[in-house]
Amino acid sequence: MTPKLHVAMLPMETGVHTKEHIKHHLCKNSKRCSKRGCEGLSHTHYFLVNDEITVVRDLTYAPKQYFLPGKAKDIIRATLRERLSGIIYDGEAASGWVRDIVDTIKNRLKEMEYERYKIVVQATIGEKRGQGFNMACRCFWDPNTDDYAEETFTNEDIFGVAVAFAVYQY
């Protein structure tokens, strides 16, 4: 069995590399792989085995701090209580309340400095009249980095639901 020979590590941003290009790097760099000048970029490692090229991607953008749903849930709960406690539902004012709730939650989550996370906040306010309320959502994301937190608030006259999604941007 022929041992794997590390051909080269090239930034993914430089585009698709042909077999000839990779073999050229084999001749130039032999077994060396240098990250000089490429710190912080994603790279593609090329291995040459029996004239076949194997490609392995190395993502260097791992989160330094992961989104913490428990802390986010506390922020959402506190915001809903602050903004909705003691309020009687008013259909005309509700749109302003919900915008204020969403902006407050988003700003408080941004203060936690989740680097490279896109924070999306959604909220709903409604009048309680004995009706049921269902809310659902589906997301396509990376379960290793992305997450969400949700919380509800109710009193005699009003209900509120808020959800914060944190999606990591590679």
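Owing to the predicted nature of the structure, the values given are computational and were not obtained by experimental measurement.

Rules behind the numbers
Residues numbered from 1 in each chain as written. Predicted model: local features only at pLDDT ≥ 70, side-chain atom pairs only at ≥ 80, totals over all residues. Heavy atoms only, no water. Helix = DSSP H or I, 4+ residues; strand = E, 2+ residues; numbered from the N terminus. Buried < 20%, exposed > 50% of the residue type's maximum accessible area, 1.4 Å probe, protein only. Contact = heavy atoms within 4.5 Å. Phe/Tyr/Trp six-rings, centres within 6.5 Å; stacked < 30°, edge-to-face > 60°. Salt bridge = Lys/Arg side-chain N within 4 Å of Asp/Glu carboxyl O. 1 Å grid on protein atoms, 1.4 Å probe; cavity = no way out; pocket = protein on both sides within 12 Å on 5 of 7 lines; lining within 4 Å. Points joined across faces, edges and corners; volume = space filled by probe spheres on them. Nonpolar A, V, L, I, M, F, W, Y, C, P; charged D, E, K, R; others polar. Expected span 1.5 Å × (residues − 1). Arc of directions from axis to C-beta.

Trainee: What exactly am I supposed to notice about the environment of isoleucine 158 here?
Mentor: Within the fold, isoleucine 158 resides in strand β6 (residues 158-168). Given the relative accessible area of 0%, isoleucine 158 is considered buried. In sequence terms isoleucine 158 and serine 85 are 73 residues apart; their C-alpha atoms lie 9.1 Å from each other. Among all residues touching isoleucine 158, those that are not within four sequence positions of it are Leu84, Ile87, Tyr89, Trp97, Ile125, Gly126, Lys128 and Phe153.

Trainee: Got a minute to help me understand the environment of valine 98 in this structure?
Mentor: Turning to its location among the elements, valine 98 is positioned in helix α3 (residues 91-110). Placed 18 residues apart in sequence, valine 98 and leucine 80 show a C-alpha to C-alpha distance of 9.6 Å.

Trainee: What is the right way to read the packing of aromatic side chains from this model?
Mentor: Each aromatic ring pair is summarised here by two numbers: the centre-to-centre distance and the angle between the ring planes. Under the criterion given, the structure shown has nine aromatic pairs. An angle of 35° between the planes, with centres 6.3 Å apart, marks the rings of tyrosine 148 and phenylalanine 165 as tilted. One end of the pair, tyrosine 148, is in strand β5 (residues 147-154); the other, phenylalanine 165, is in strand β6, and 17 residues separate them in sequence. For phenylalanine 165, a relative accessible area of 10% translates into the label buried. Chaining the aromatic ring pairs together yields one cluster made of Phe67, Tyr114, Tyr117, Tyr168 and Tyr170.

Trainee: Whenever I open this one, the pattern of salt bridges confuses me. Can you help?
Mentor: Opposite charge on two side chains lets them pair, provided their charged atoms get close. For the coordinates displayed, the defined rule picks out eight salt bridges. Note that lysine 64 and glutamate 115 form a salt bridge whose closest N and O atoms lie 3.6 Å from each other. Separated by 51 residues along the polypeptide, lysine 64 in the loop between β3 (52-58) and α2 (69-84) and glutamate 115 in the loop between α3 and β4 (117-127) bring together distant segments of the chain. Judged by relative accessible area, lysine 64 falls into the exposed class, the value being 73%. Among the ionic contacts, a cluster of salt bridges with common partners joins Lys73, Asp74, Arg77 and Glu151.

Trainee: Looking at this structure, how should I read the layout of surface pockets?
Mentor: The gaps left among the atoms become clear once a water-sized probe is rolled over them. For the largest pocket, the calculated volume is near 210 Å³. Around the largest pocket sit Met135, Ala136, Cys137, Cys139, Trp141, Tyr148, Glu150, Val161, Val163 and Phe165, which together line it. Breaking the lining of the largest pocket down by element, the ones donating at least two residues are β5 and β6. Per-element accounting of the lining of the largest pocket gives the leading share, three residues, to β6. Residues of the lining of the largest pocket, tallied by class, amount to nine nonpolar, no polar and one charged.

Trainee: It is not clear to me how the side chain of threonine 145 should be interpreted in this structure. Could you clarify?
Mentor: Here threonine 145 lies in the loop between β4 and β5. With sequence-adjacent residues up to four places away left out, threonine 145 is seen in contact with Pro63, Tyr66, Tyr117, Tyr168 and Tyr170.

Trainee: It is not clear to me how α3 should be interpreted in this structure. Could you clarify?
Mentor: Counting along an α-helix, one turn takes 3.6 residues, and residues three or four places apart therefore face a common direction. An ideal rise of 1.5 Å per residue puts 28 Å on 20 residues; α3 measures up with 29 Å between its terminal C-alpha atoms. Three or more residues of α3 are buried, namely Ala94, Ile101, Val102, Thr104, Ile105 and Leu109. Axial view of α3: buried residues confined to an arc of 165°, hence all on one face. Relative to its buried face, α3 has exposed residues pointing more than 90 degrees away, namely Glu92, Arg99 and Lys110. Close packing links the buried residues of α3 with α2, β4 and β6.

Trainee: Can you help me understand unusual backbone geometry in this one?
Mentor: Across residues other than glycine, the phi torsion is negative in most instances, and most of the peptide bonds are trans. Even without being a glycine, glutamate 113 presents a positive backbone phi close to 55°. Mapped onto the secondary structure, glutamate 113 falls in the loop between α3 and β4.

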